[in-house]
Amino acid sequence: MKRGIAAQVPETRPTILFLDHSAQWSGGEIALFNLVTHLNQEKWKPLVVLFEDGPLRTKLIEAGIDTKLLLLDPRVSKKRKDALGAKSAVRLRELRVICRFCSRLARLMRREKAAVVHCNSLKADILGGIAGKMARLPVIWHVRDRIADDYLPRPVVFGFRWAARLLGVTVIAVSNAVGKTLHFPQTTEPSRFKKAFYNGVNGVVVHDGLSSPEVLGGETTATIGMVGRISLWKGQHIFIEAAARVHQRFPHYHFQIIGSTLFGEEEYEKQIRAQAVQLGLENVLEWTGFRSDIDQLLHQMEIFVHASTTGEPFGQVIVEAMLAGKPVVATNGGGVPEIVQEGQTGLLVPMNDAQSMAAAIIWLIENPEIGRQMGQAGRARALEHFSIQKTAGKIEGIYSQLLQR
Ligand code: UDP
C-alpha cells in the first residue's frame, strides 16, 4: 500500500495525536519520528504535539508532519526522572502547573478532533493520560523505559504502574523486558497490554554493502565502536577498560565512542576522557561527539559494542548495527537478549564486566569468518523482525481496534 501524503487526502482521516515532552534527537524521539513518518497517511492524520522545541520538531516539519508546540513550564519539563524521589515529590506550585497544562492539552485534543492520543515519553504518558481522560479519548502509552527501581526512583515506579491501571490506558511495551516491569495483572484484557512491540528501523536507508571483510581480522586499521549518548549507565567506562585490554593484544585496532552527553552528564565525560588517557588510548580512541550519519559510521565499523550497565529497555542502536551487518558484543540485560541471538548474531556478556567484554571482542577479532556470518545473520534478523514498516502496521492495527470500540 502506498505510504506518504496523497494528493487528495480527505479530511475525514482520524487524527492520531502524538505527545512527547522532549524534542531532543534521542532514542525514543528517533523511534517516534520513524513511526510517524511511516504511518499510512492515506488512512491516518498524524499530529505531533511537543512540550518543548528542538531538533525533533525541525525534522518533523522537514518531513511534512503537522507539528504543534504546547510549552510546558521547565520546572516540570526539565525535572529529571531520577530526581523524582520521595523527598523531591512534586510541589504544590508544580501541581498547579500540571493541572493547568492538562486542561490546555485536553482543550487542544478536542480542538484538533483527536481520535486517539499516542503518548511517547513518561511525562507525556502522565500528562497525556490525564488530559485524554478529561477529553474522553482513547489513550496509548508507548512505554520505552523499564519501570523498575534500578532505573527510576521507587515512587515513580509505583505511581506509574498504578496510573496505568487507574487511567485505563492501552499500553505498548517496547520489549518483553519492559512489559514485565509494568506488573500488569494476568487478568488484563489482552487488547489493553501489548508486549514486545519492538522499535522498527528503516532498512532502506542503510547501505547494502555490509562489512568490509578484507579488514576484519587483518592487519589494517579496523574500528571497534560504540554508539549512544554519553551517560554512566550506557557504560562508556566499561568499553574503555575493555578497549585497553584489546589494545594490548591488537595495537593496530582503533576505537570509537560516538555520541555526546544529552541530559547534563559532563562530569562523567570528563572522567572517562581522563580514564582513556590514563590507559594509554589517546592515539587509538576517537571521540566523535554527536553524529547524524550513524548508518555511515556503523558501516565503517568492524565490531559494534553495546555496554549498558543496567538493563536497556530495548537498545535501538543494536538493531541499527545489525542492519549494517555488524557482529555485536552487547551486555546481557533488559531487552538486549530479545534482539541479539547469542552466538548467532553476536555475543552477550555480563553487565559491568570489562574483562568478559574484552574477551568477546578478541574472540571476534580472532574468528573473522564467524564474525562476518554473525553480521549477515544480524542483518537478516533486523530486516525480518525489526522493520519500521511492520512496527507501523502493527500499531495502526491498535488504532483501528480502539476506534472500533
Ligand atoms: N544516535 C545518533 N547520534 C549519536 C548517538 C546516537 O543519532 O551521535 C542515535 C542512535 O542511532 C539511536 C539513538 O540515538 O537511534 C539511541 O537509541 P537507543 O534506543 O539505543 O538509546 P536511548 O538513547 O534511547 O537510551
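In what follows, the structure referred to is the one given above.
As a starting point, this report considers the structure included with it.

Attention shifts here to the packing of aromatic side chains. Each pair of aromatic rings is reported with the distance of its centres and the angle of its planes. Evaluation of the coordinates by the stated rule reveals eleven aromatic pairs. Judged by centre distance (4.6 Å) and plane angle (35 degrees), the ring pair of tryptophan 141 and phenylalanine 160 falls under tilted. Of the two residues, tryptophan 141 is situated in strand β5 (residues 139-143) and phenylalanine 160 in helix α6 (residues 154-166); the sequence distance between them amounts to 19 residues. Judged by its relative accessible area of 0%, tryptophan 141 is buried. Each residue in the set Tyr198, Phe314 and Phe386 is aromatic and connected to the rest through ring pairs, giving one cluster. Cation over ring: arginine 165 sits above phenylalanine 184, and NZ or CZ is 5.4 Å from the ring centre. It is lysine 394 that lies over the ring of phenylalanine 197; its NZ or CZ is 4.3 Å from the centre.

A separate point is the site of the ligand. Around the ligand sit 17 residues in total, of which Arg229, Lys234, Arg291, Gln316 and Glu320 are the nearest. Taking arginine 229, its side chain carries an N or O atom lying 3.0 Å from an oxygen atom of the ligand. Lysine 234 is positioned such that a nitrogen or oxygen atom in its side chain is 2.7 Å from an oxygen atom of the ligand. Notes on the ligand: free accessible area 550 Å², of which the protein chains cover 89%. Looking at the shell around the ligand, the elements that each hand over two or more residues are α1 (27-37) and α11 (316-323). The residue inventory of the shell around the ligand, partitioned by class, reads six nonpolar, six polar and five charged.

This part takes up a nonpolar patch on the surface. On the surface, Ile126, Ile130 and Met134 cluster together to form a nonpolar patch covering roughly 210 Å² of accessible area. Inspection of the secondary structure assignment puts isoleucine 130 in helix α5 (residues 122-134). For isoleucine 130, a relative accessible area of 32% corresponds to the partly exposed category.

Quick look at empty space enclosed by the protein now. This model, assessed by the stated rule, comprises one cavity of 30 Å³ or more. Taken as a whole, the largest cavity spans an internal volume of roughly 60 Å³. Ala31, Leu35, His142, Arg144, Phe197, Tyr198, Asn199, Gly200, Ile388, Thr391 and Ile395 are the residues that line the largest cavity. When contributions to the lining of the largest cavity are tallied by element, the ones reaching two or more residues are α1 and α15 (388-404). No other element matches the three residues that α15 contributes to the lining of the largest cavity.

For the structure on display, the rule yields eleven salt bridges. Across the salt bridge formed by aspartate 66 and lysine 45, the nearest N and O atoms sit 3.5 Å from each other. Pair noted here: aspartate 66 is in strand β3 (residues 66-69) and lysine 45 is in strand β2 (residues 45-50), with a separation of 21 residues, a long-range link. A relative accessible area of 36% means that aspartate 66 is categorised as partly exposed. Salt-bridge contacts for arginine 291 lead to aspartate 293; the nearest nitrogen and oxygen are separated by 2.9 Å.

Here we take up helix α8 (residues 236-249). Along its 14 residues, α8 runs 20 Å from first to last C-alpha, staying within 8% of the 20 Å computed at 1.5 Å per residue. Of the surrounding secondary structure, the elements contacted by the buried residues of α8 are β8 (222-227), β9 (253-258), α9 (266-278), β10 (285-289), β11 (303-306) and α13 (354-366).

Cut-offs applied
- Residues numbered from 1 in each chain as written.
- Predicted model: local features only at pLDDT ≥ 70, side-chain atom pairs only at ≥ 80, totals over all residues.
- Heavy atoms only, no water.
- Phe/Tyr/Trp six-rings, centres within 6.5 Å; stacked < 30°, edge-to-face > 60°.
- Helix = DSSP H or I, 4+ residues; strand = E, 2+ residues; numbered from the N terminus.
- Buried < 20%, exposed > 50% of the residue type's maximum accessible area, 1.4 Å probe, protein only.
- Lys NZ or Arg CZ within 6 Å of the ring centre and 35° of its normal.
- Near = heavy atom within 4 Å.
- Polar contact = N/O pair within 3.5 Å; in protein donor to acceptor, adjacent residues only side chain to side chain.
- Areas by Shrake-Rupley, 256 points an atom, 1.4 Å probe, with all protein chains shown as cover.
- Nonpolar A, V, L, I, M, F, W, Y, C, P; charged D, E, K, R; others polar.
- Patch = residues over 30% accessible without salt bridge, like charges linked within 9 Å, V, L, I, M, F, W, Y side chains within 5 Å.
- Salt bridge = Lys/Arg side-chain N within 4 Å of Asp/Glu carboxyl O.
- 1 Å grid on protein atoms, 1.4 Å probe; cavity = no way out; pocket = protein on both sides within 12 Å on 5 of 7 lines; lining within 4 Å.
- Points joined across faces, edges and corners; volume = space filled by probe spheres on them.
- Expected span 1.5 Å × (residues − 1).
- Contact = heavy atoms within 4.5 Å.

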